[in-house]
Amino acid sequence: MATNYKTGEKAPESGTYKVDKLVNGNNSNEDNTEVKLEEGEQFPPSPSSNEAAFWVKAS
């Protein structure tokens, strides 16, 4: 199972991450946006809804 990272947390390693679901419980299937983060950068809000989200490593 993939590890989830919450908006505001720091990326444990550099890579591409995608939204898994929103923190408020709404499913975010329509949000397949991926972001590239460097190690130590903060996870942003969901790009499509600008709400806090859980992120998973995509690659």
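Because the structure is a prediction, the values reported are computed rather than measured.

K.L.:
Sorry, what's going on with the pattern of salt bridges here?
P.N.:
If the charged atoms of two oppositely charged side chains come close together, the side chains can form a pair. In the structure shown here, the tally under the stated rule is one salt bridge. Across the salt bridge formed by Lys57 and Glu13, the nearest N and O atoms sit 3.9 Å from each other. Pair noted here: Lys57 is in strand 4 (residues 53-57) and Glu13 is in the loop between strand 1 (5-6) and strand 2 (15-22), with a separation of 44 residues, a long-range link. A residue is classified by how much of its surface remains accessible, and Lys57, at 33% relative accessible area, is partly exposed. Given a relative accessible area of 40%, Glu13 falls into the partly exposed group.

K.L.:
When you look at the pairing of strand 3 (residues 34-37) in this model, what are you seeing that I'm missing?
P.N.:
Moving residue by residue along a regular strand, the side chains alternate between the two faces of the sheet. Burial along strand 3 is one-sided: Val35 and Leu37 are buried, while Glu34 and Lys36, pointing the other way, are not. Where strand 2 meets strand 3, four bridges bridge the pair, whose relative direction is antiparallel. From the neighbouring strand, Gly15 faces strand 3, where its bridge partner is Leu37.

K.L.:
Would you mind showing me how to read the nonpolar core here?
P.N.:
Note on soluble globular proteins: their nonpolar side chains tend to be buried together. Membership of the largest hydrophobic core is limited to ten residues, which are Tyr5, Ala11, Tyr17, Val19, Leu22, Val35, Leu37, Phe43, Ala53 and Trp55. Of all the elements, strand 2 adds the most residues to this core, at three residues. Apart from residues no more than four positions distant in its own chain, Tyr5 is found in contact with Pro12, Tyr17, Phe43, Ala53, Phe54 and Trp55.

K.L.:
Please explain the confidence of the model for the protein chain as it appears in this structure.
P.N.:
Residues shown with low pLDDT carry predicted positions that ought not to be read at fine detail. Per-residue confidence for the protein chain gives a mean pLDDT of 87; residues scoring 70 or more make up 88%. Put simply, strand 2 is where the protein chain has its lowest mean pLDDT, 92, and strand 1 is where it has its highest, 96.

K.L.:
Explain the sheet that holds strand 4 to me, please; I cannot follow it from the model alone.
P.N.:
Two modes of strand pairing occur in sheets, parallel and antiparallel, and in both the strands are linked by backbone hydrogen bonds. What the four strands build is an open sheet, ordered 1-4-2-3; its pairing is antiparallel. In the strand order of this sheet, the two ends are held by strand 1 and strand 3, each with one partner.

What counts, and at which threshold
Residues numbered from 1 in each chain as written. Predicted model: local features only at pLDDT ≥ 70, side-chain atom pairs only at ≥ 80, totals over all residues. Heavy atoms only, no water. Salt bridge = Lys/Arg side-chain N within 4 Å of Asp/Glu carboxyl O. Helix = DSSP H or I, 4+ residues; strand = E, 2+ residues; numbered from the N terminus. Buried < 20%, exposed > 50% of the residue type's maximum accessible area, 1.4 Å probe, protein only. Pairing = 2+ DSSP bridges. Core = buried A, V, L, I, M, F, W, Y, C linked by side-chain atoms within 4.5 Å. Contact = heavy atoms within 4.5 Å. pLDDT = per-residue confidence, 0-100.

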